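Structural overview
Each chain, written out:
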Amino acid sequence: MDALGFAIFALAALAGGFVSGFSGFAMGLVVSGVWLHIITPIQTATLIAGYGLLTQGYGIYRLRHVLDLRKAWPLALGTVIGIPIGVEILVYLNPLYLRFGVGVLLMIYSIYGLARPVFAPMRIGTGADIAIGISNGMLGGLTGLGGVISTISCQWRGWPKDLQRAVFQPVLFIAFVVISLSQAAAGSITRETLVLYALGVPFMVAGLWSGFKMFGTIQDETFRKAVLALLLLAGLSLVVSTLPFSADRASCY
């Protein structure tokens, strides 16, 4: 990678870290659109999972004062169960149709949420949370977006922004652990990728720190709208990934 390529790589890491620090998720959405032009799809997917462990771990540490594992474990357990199911289902489904359908649903949900007042809080039991987690993991196995459904479910409960993140970030961390272990078993983690990871860490951390600083200044309603906007971006990215010019890169999202 030449100097210009590394500068682009580092700026994407900085931006991805900032978005993750601010919202608690969507780092992969930000960096993949850039990195896929300068490094291989396998490297991109491996780095996203590796940096996901960093960003989610940092978020969990910063929110440790409101961390409640009693609320997070059912979603995390369901996610671990759902990821391999989603990967297996991919064998029988057309991934382009799946991505397009999920993308459209996410866009509709996000636009509706942005256009109407706050949803009335919902009470969700442990059994339902495990089912939501399984759906969350399945969607992650099918599309690579392993935290979307858990993030949406935290919004439904009407929790403050700190508590929402203190629940869905541990779920995302667990999802990235499963993904990283799978990549290690498949031999995707190479020396070259590890060097890139190490070089990008300072930029990712700087973005994380600045994103968390901004997160601390916003109101709950602003956070709700920011999450919906990022979900809209996630839906749009899935739809775009089904278009002919990007279909060969769809597996990285």
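Below, the structure is looked at part by part. (Residues numbered from 1 in each chain as written. Predicted model: local features only at pLDDT ≥ 70, side-chain atom pairs only at ≥ 80, totals over all residues. Heavy atoms only, no water.)

1. Brief notes about a nonpolar patch on the surface
What counts, and what does not: Distance thresholds for patches are 9 Å for like charges and 5 Å for nonpolar side chains (Val, Leu, Ile, Met, Phe, Trp, Tyr), applied to residues having over 30% relative accessible area and no salt bridge. To be clear on the numbers: accessible area is Shrake-Rupley with a 1.4 Å probe, and residue cover counts the displayed protein chains and nothing else. Basic side-chain nitrogens of Lys or Arg form a salt bridge, by our definition, when they fall within 4 Å of a carboxyl oxygen of Asp or Glu. Runs of E in the DSSP output that reach at least two residues are strands. Runs of H or I that reach at least four are helices, and both are numbered from the N terminus.
A cluster of nonpolar side chains, namely Trp73, Leu77, Ile81 and Ile85, defines an oily patch on the protein surface of about 340 Å² accessible area. In this structure, Leu77 sits in helix 4 (residues 69-89).

2. What about the environment of Thr190?
Stated precisely, the cut-off is as follows: Relative accessibility thresholds used throughout: buried, under 20% of the residue-type maximum; exposed, over 50%; partly exposed, between the two (1.4 Å probe, protein chains only).
Locating Thr190 in the fold gives a position in the loop between helix 8 (161-186) and helix 9 (191-215). Looking at Thr190, the relative accessible area reads 33%, which means it is partly exposed. Considered as a pair, Thr190 and Ile39 are 151 residues apart in the sequence and their alpha carbons are 13 Å apart.

3. Looking at the nonpolar core
This is how the line gets drawn: Each nonpolar core is a collection of buried residues, namely Ala, Val, Leu, Ile, Met, Phe, Trp, Tyr and Cys, held together in the definition by side-chain atoms within 4.5 Å. Any two residues whose heavy atoms approach within 4.5 Å at even a single point are treated as in contact.
Phe25, Leu106, Val148, Val167, Phe215 and Leu231 are the most contacted members of the largest nonpolar core, which totals 38 residues. Taken together, the elements giving at least two residues each to this core come down to helix 1 (3-23), helix 4, helix 5 (95-115), helix 6 (126-143), helix 7 (148-156), helix 8, helix 9 and helix 10 (220-241). For this core, the leading source of residues is helix 10, giving 8 residues. Those residues within four positions of Leu106 in sequence are excluded, and the remaining contacts are Val148, Ile152, Leu231, Ala234, Gly235 and Leu238. Counting 14 residues, the second-largest nonpolar core is a separate cluster that includes Ala12, Leu47, Leu196 and Met204.

4. A word on the packing of helix 3 (residues 41-62) against helix 9
The criterion, for reference: All axes here are fitted lines through C-alpha atoms, helices being fitted over the stretch that makes contact, and every angle between N-to-C directions spans 0 to 180 degrees. Handedness of a crossing follows from how the near helix is turned relative to the far one, being left-handed for an anticlockwise turn of less than a right angle and right-handed for a clockwise one. The residue classification treats Ala, Val, Leu, Ile, Met, Phe, Trp, Tyr, Cys and Pro as nonpolar and Asp, Glu, Lys and Arg as charged. All others, Gly included, are polar.
Look at helix 3 against helix 9: their axes get within 10 Å of each other, and the N-to-C directions meet at 35°. Seen from above, helix 3 lies across helix 9 with right-handed handedness. Counting all contacts with helix 3, which are made through Gln43, Thr46, Leu47, Gly50, Tyr51, Leu54, Thr55, Tyr58, Gly59 and Arg62, the residues of helix 9 involved are Glu192, Thr193, Leu196, Tyr197, Gly200, Val201, Met204, Val205, Leu208, Trp209 and Phe212. Of the residues in the contact of helix 3 with helix 9, the class split is 12 nonpolar, 7 polar and 2 charged.

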